[in-house]
Amino acid sequence: MLIRPKRSYHITTDSHHRFRKHKNIVSNLDIVCPEQIWVSDITYVGTRNNPSYLALITDAYSKKIMGYDVSNTLALDGSLRALEMALNNRNDKVQPLIDHSDRGL
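Here is a short report on the structure shown in this document.

Rules used throughout
- For every chain, the first residue of its written sequence is number 1, and the numbers climb from 1 along that sequence.
- In view of the model being predicted, local features appear only for residues whose pLDDT reaches at least 70, and side-chain atom pairs are presented and counted only at 80 or more, with totals across whole chains, interfaces and linings using the full set of residues.
- With hydrogens and water stripped out, all remaining heavy atoms of the structure feed into the side-chain values.
- Working definition: helices are DSSP H or I runs of at least four residues, strands are E runs of at least two. Numbering for both runs from the N terminus.
- Accessible area is worked out with a 1.4 Å probe on protein chains only. A residue is then buried under 20% of its type maximum, exposed over 50%, and partly exposed in between.
- Contacts are residue-level and defined by heavy atoms, with any inter-residue pair within 4.5 Å sufficient.
- Residue exposure ignores everything except the shown protein chains as possible cover, and the areas themselves are Shrake-Rupley values with a 1.4 Å probe.
- For this analysis, a salt bridge means a side-chain nitrogen from Lys or Arg found within 4 Å of a carboxyl oxygen belonging to Asp or Glu.

Turning to the overall build of the chain, a few remarks are in order. When helices and strands are tallied, the chain shows one helix and four strands. In sequence order, the chain lays out its α and β elements as β-β-β-α-β. Classification of the 105 residues of the chain by burial places 25% in the buried group. Counted over contacts in the chain with a minimum sequence separation of 6, partners at least 24 positions apart contribute 46%. Carbon and sulfur atoms provide 55% of the accessible area of the chain, an area that totals close to 8400 Å².

Taken as a whole, this structure holds two salt bridges when the rule is applied. Here Arg81 makes a salt bridge to Asp69, at a shortest N to O gap of 3.0 Å. With Arg81 in helix H1 (residues 76–88) and Asp69 in strand E3 (residues 65–71), this residue pair connects regions lying twelve residues apart in the sequence. Residue class for Arg81 comes out partly exposed when judged on its relative accessible area of 39%.

Listed below in structure tokens is the structure:
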């Protein structure tokens with residue numbers, strides 16, 4: 001009765017893939033203004049019967065959500081729609097921008 005059940009979760013990251021892993025080029029970079037670095041990630045928000053994945057693009061300086069998409073698969077389309085939304089919401093389209101994602105994939 002005192003044993004707590006393990007929390008169930010859905011795995012969205014495959015760390016043992018065959019693709020090249022890029023170095024983290026933003027770890028030592030000073031973030032001094034909005035739209036200098038965006039951070040991208042995907043998280044699981046659905047249920048086991050109705051899986052949903054949320055792709056987010058967040059501005060690292062202001063923490064503003066620049067783009068998002070909810071889809072029922074981990075396919076590339078959801079991430080691309082989030083990126084397109086973020087690019088359309090961008091204020092300064094001339095300033096250089098780094099989009100940082102999990103392990104560079």
